[in-house]
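Working through the structure, step by step
One-letter residues, chain by chain:
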Amino acid sequence: MAKYKGLVEFSGAIGDLVFYNLNGTPVVRRKSGFSKEAYQSNPNYQKVRENSSEFGHCSKVGKMIRLALEPYLENYDDKYLYQKFAKVMTQIKDLDTQQPKGQRRVQNGLQHKEAYSLLQSFQFGKYACLENIQFEGSFFTKAIQIPAKNNFEIIQLLTLKPDFDNLNIELEQQTLSIQAKKNQYEFDVHFQDSEIPLLYFLILKTKTEISQAGFIS
């Protein structure tokens, strides 16, 4: 890019040179040779197209899930959460062995146990991750086994049913009774007929703030 001086200022292209105004200064640069047509059809850009398609998918899915959780998480105090969660979605997408590269999807990656390990280890901002949480029960009745009570008085369970095609989520929220035997907390089962992998998100709170939060499976 170079500055130019002339009697007449103009913008546009002449040959392989492009003239335009940048912050009040007339400048000129050569055309890069990159075009939308080349990006869409040139074999040299095949890998770029594949990565771009998958990255866009992971970003949209990550945003869908984050927006569903935000009303329940208050201020998680992490300005980089968007990028961090998109990275986790990318790692889950990489578990997809059904589709070729460029078409891999998060929903296929969720068919693998490793995906839930990635979700469970993800920390939402300042909130501590959950540890040693276990599901108990049968198909119709379920419960969560939580270690001995430690700094929580309210238990919220969110059941998420993602629609990965239309990028929306159905969500059921329930507050579990704190009066439980052997630290086992029963909850209602939702979306039993779902063919889509469900996500469970647990929030442990004191009367005034969240102490722990995260995905469980």
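Look up a bit, the structure's there.
Quick look at the structure, then. (Residues numbered from 1 in each chain as written. Predicted model: local features only at pLDDT ≥ 70, side-chain atom pairs only at ≥ 80, totals over all residues. Heavy atoms only, no water.)

Focus on the pattern of salt bridges
- Tallied over the entire structure, the rule returns 7 salt bridges.
- R66 is the salt-bridge partner of E70, the closest N and O atoms lying 3.7 Å from each other. In this pair, E70 and R66 both sit in helix α2 (residues 46–73), 4 residues apart, roughly one turn of the helix.
- Judged by relative accessible area, R66 falls into the buried class, the value being 10%.
- The residue D78 makes a salt bridge to K84 at a minimum N-O spacing of 3.0 Å.
- Judged by its relative accessible area of 15%, D78 falls in the buried class.
- By sharing partners, the salt bridges in this structure join E54, K93, D94 and R104 into a single network. (Salt bridge = Lys/Arg side-chain N within 4 Å of Asp/Glu carboxyl O. Helix = DSSP H or I, 4+ residues; strand = E, 2+ residues; numbered from the N terminus. Buried < 20%, exposed > 50% of the residue type's maximum accessible area, 1.4 Å probe, protein only.)

Quick look at the packing of α2 against helix α3 (residues 81–93)
- Following both chains from N to C, one finds α2 and α3 inclined at 120°, their axes separated by 8 Å at the closest point. The angle between α2 and α3 falls in the class oblique. Where α2 crosses over α3, the two elements pack in a sense that is right-handed. On the side of α2, the interface is formed by E54, C58, S59, V61, G62, I65 and R66, while α3 contributes L81, Y82, F85, A86, M89, T90 and K93.
- Of the residues belonging to the contact of α2 with α3, the class tally is 8 nonpolar, 3 polar and 3 charged. (Axes fitted to C-alpha atoms, helices over the stretch in contact; angles between N-to-C directions. Parallel < 35°, antiparallel > 145°, perpendicular 65-115°, else oblique. Left-handed = near helix turned anticlockwise from the far one by under 90°. Contact = heavy atoms within 4.5 Å. Nonpolar A, V, L, I, M, F, W, Y, C, P; charged D, E, K, R; others polar.)

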